[in-house]
Every structure is written in structure tokens, then in C-alpha cells.
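Architecture at a glance
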Amino acid sequence: YTATSSRNFAYALLSSILNLGGAIAGFVIDYLTGTSWNLGVLGVDTPLSGMRFALLMGFATNALCLLLACTLRPIKIEDGPSASDSPSEGGLAGAAADGGNPLRILRQVVATPNFGRFFWMMLLLCAIKTEWHHNAATLPKYLIRTNGDTVPYGSIASINWMIAGVLPPIVQSLLSSLGHYDIITLGCWIMGIAPLIMVFGTS
């Protein structure tokens, strides 16, 4: 692997870990649905529903992540070929690590040649990204409406999370010869076409 390939694989692996965490959350939601939790030990006399307990767990884990984030320290990044594949990236990273002025760093980022291309690509991808949020926000209600209250909507939504957790490193390795924009375009086609299967049935 080149340095760029190794870094891309690391990003794909991080994405896999995050997605597998989302998959586990879906199974936890199904397990907690319909349950009641008595938290008298915490001074809460009223039993919590399973969903409220899940929200409490989410709050607790996010609070823990916040505390852990406060312990992080900046890593000094040196300019030069070993610091980054791109001199401009190394310079920006070095400025950030040295505690540079945020406004100055922002101006440097905006002034880079690829910023405009990146910005418009992100704007155009908002419609596709909305589909991802529908998987978490509206798919559960759709499944309950079409299949009843007992449908394991968390586990069904987790199918997408599990696929996204397993395939990214594999696909990244197989398509490493393609450009980033080509891979993103291919992924958008797959993501845009996939929901059409629900037109033919809701089982």
C-alpha cells in the first residue's frame, strides 16, 4: 500500500466501526421496546419506558465521550513529504496543531483550489444524504404502519448499518485504482436506486 491507500483504508475501517455501532443500537432498541425500567437507585421513582431508557443510555454515553474528548491533546505535525501527501495539507495541519488563529486557518482552507469543488459536491450530495437519515427517522414509522407495532424496526434498520460496517474496507481495497469522485458517483447511483425495491412490496 502507498501512504494514501493506507490512510484511505484507515478511514474505511473507522467508518466500519461507527456503522457497526449503529447496527448494535438497532438491536438494543428492539430489545428495550415494550420494557419498563425502575431506576430508583438513581433517585428516579417513576419507571422509565424502554425508549426513554435508551435515550438515557445515549445521553450517558455521549457525556462519557465528551469527557474523553476533553483529555485529547493536539499532535504536532511537521511540514514536509512525510507529514502529508500534499504540502498544502501539511501546512494547514501544522497551522492547526500550532494553535493558529481559527479565522486565518479558515481563510487558508477556503483559498485552496479544491475547496469550491468540494463545497458544491457536498451541496449536491445533500439529497442522497437525506436518504440515509430517512433510514433512521421515517423507516421505523413506515414499518410500524405497514407491519404492525411488533415489527422489529430497529433490527431491520440495522441491516443497512451492518452492510455499511462490513463492506467499506473491502470495496475500498477493490476500487483503490478509481478516483474518489468516481467512487462517490457510483455509490450515489446505488444509494439512489436501492429504495425502489420497496415499490414492489413491503414484506
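Predicted model only: the values in this text are computed from it and were never measured. (Residues numbered from 1 in each chain as written. Predicted model: local features only at pLDDT ≥ 70, side-chain atom pairs only at ≥ 80, totals over all residues. Heavy atoms only, no water.)

**Looking at the overall build of the protein chain**
What counts here: For the purposes of this entry, the term helix denotes a DSSP run of H or I that reaches at least four residues, the term strand denotes a run of E that reaches at least two, and both are numbered from the N terminus. Throughout, exposure labels follow a simple rule: accessible area from a 1.4 Å probe, protein chains only, divided by the maximum for the residue type, with under 20% read as buried, over 50% as exposed, and the rest as partly exposed. By definition in these notes, contact holds between two residues if any of their heavy atoms fall within 4.5 Å. Note on areas: Shrake-Rupley, 1.4 Å probe, and residue coverage restricted to the protein chains presented here.
Counting its secondary structure elements, the protein chain contains nine helices and two strands. Ordering the α and β elements of the protein chain from the N terminus gives α-β-β-α-α-α-α-α-α-α-α. Within the protein chain, the fraction of its 203 residues that count as buried is 18%. Residue pairs in contact within the protein chain that sit at least 24 positions apart in sequence constitute 59% of those at least 6 positions apart. In the form shown here, the protein chain has an accessible surface area of approximately 14,700 Å², with 71% of it arising from carbon and sulfur atoms.

**Considering the nonpolar core**
The line we're drawing: Here the nonpolar core consists of buried residues drawn from Ala, Val, Leu, Ile, Met, Phe, Trp, Tyr and Cys, with membership extended through side-chain atoms lying within 4.5 Å.
If you look at the biggest cluster of nonpolar residues, it comprises five residues: Leu32, Leu39, Leu48, Phe53 and Ala54. In contact with Leu48, not counting residues within four places along its chain, are Thr35, Ser36, Trp37, Leu39, Phe53 and Leu56.

**Details of the confidence of the model for the protein chain**
Our working rule: pLDDT expresses how confident the predictor is about each individual residue, on a scale running from 0 to 100.
On average, residues of the protein chain score 78 in pLDDT, and 82% of them are at 70 or above. Highest mean pLDDT in the protein chain belongs to helix 2 (residues 50-69) (89); lowest belongs to helix 3 (residues 87-97) (50).

**A word on the packing of helix 7 (residues 139-147) against helix 8 (residues 153-174)**
Basically, it comes down to this: Structural elements are reduced to axes, namely lines fitted to C-alpha atoms, with helices fitted over the stretch in contact, and the angle between N-to-C directions of any two is expressed from 0 to 180 degrees. Reported orientations rely on four angle classes, namely roughly parallel under 35 degrees, roughly antiparallel over 145, roughly perpendicular from 65 to 115, and oblique for the rest. By the definition used in this description, the sense in which the near helix is turned from the far one sets the handedness, with an anticlockwise turn below a right angle giving left-handed and a clockwise turn giving right-handed. As a working rule, the residues Ala, Val, Leu, Ile, Met, Phe, Trp, Tyr, Cys and Pro are called nonpolar, Asp, Glu, Lys and Arg charged, and the rest polar, with Gly in that last group.
The geometry of helix 7 relative to helix 8 is characterised by a closest axis approach of 9 Å and an angle of 130° between their N-to-C directions. Here helix 8 runs oblique to helix 7, going by the angle between their axes. The element helix 7 and its partner helix 8 pack so that their crossing is right-handed. Across the interface between the two elements, Leu139, Pro140, Leu143 and Ile144 from helix 7 touch Tyr153, Ile156 and Ala157 from helix 8. Tallied by class, the residues present in the contact of helix 7 with helix 8 amount to seven nonpolar, no polar and no charged.

**Overview of the side chain of Asp30**
Going by this rule: Asp and Glu are treated as the negative residues and Lys and Arg as the positive ones, with His and the ends of the chain left uncounted. The term salt bridge refers to a pairing of a side-chain nitrogen on Lys or Arg with a carboxyl oxygen on Asp or Glu at a separation within 4 Å. Distance and chemistry together define a polar contact, namely a pair of N or O atoms within 3.5 Å, with one atom able to donate a hydrogen and the other to accept it when in protein, and with adjacent residues in sequence counting only for side-chain atoms on both sides.
Mapped onto the fold, Asp30 is located in helix 1 (residues 3-32). Of the side chains with opposite charge, Lys141 lies nearest to the buried Asp30, which makes no salt bridge, at 13 Å. A polar contact is formed between the side chain of Asp30 and the backbone nitrogen of Gly154, at a distance of 3.0 Å. If near-sequence neighbours (up to four positions away) are discounted, Asp30 is found in contact with Pro152, Tyr153, Gly154 and Ser155.

**Looking at the packing of aromatic side chains**
Here is the rule we go by: For this analysis, a ring pair means two rings from Phe, Tyr or Trp (six-membered ring only for Trp) whose centres lie within 6.5 Å, classed as stacked if their planes differ by under 30 degrees, edge-to-face if by over 60, and tilted for the remaining angles.
Under the defined criterion, the tally for this structure stands at three aromatic pairs. Ring geometry for Phe115 against Phe119: centres 6.3 Å apart, planes inclined by 25°, an arrangement best described as stacked. Of this pair, Phe115 and Phe119 both sit in helix 5 (residues 115-124), separated by four residues, roughly a single helical turn. Judged by relative accessible area, Phe115 falls into the partly exposed class, the value being 27%. Phe119 sits in the partly exposed class, given a relative accessible area of 40%. Relative to Trp120, the ring of Phe119 lies with its centre 5.5 Å away and its plane at 80°, an arrangement referred to as edge-to-face. Residue Trp120 is classed as exposed on the basis of its relative accessible area of 53%. Here the aromatic cluster, defined as three or more aromatic residues joined through ring pairs, consists of Phe115, Phe119 and Trp120.

**A closer look at the packing of helix 6 (residues 126-137) against helix 7**
Running from N to C, helix 6 and helix 7 point in directions that differ by 50°, and their axes come no closer than 4 Å. Here helix 7 runs oblique to helix 6, going by the angle between their axes. Every residue of helix 7 that contacts helix 6 at His134, Asn135, Ala136 and Ala137 is listed here: Leu139, Pro140 and Lys141. Grouping the amino acids of the contact of helix 6 with helix 7 by side-chain chemistry returns four nonpolar, two polar and one charged.

**Observations concerning the side chain of Ser155**
Following the sequence through the fold, Ser155 ends up in helix 8. Side chain to side chain, Ser155 and Asp30 meet in a polar contact 2.4 Å long. Excluding its chain neighbours within four sequence positions, the residues that come into contact with Ser155 are Gly26, Phe27 and Asp30.

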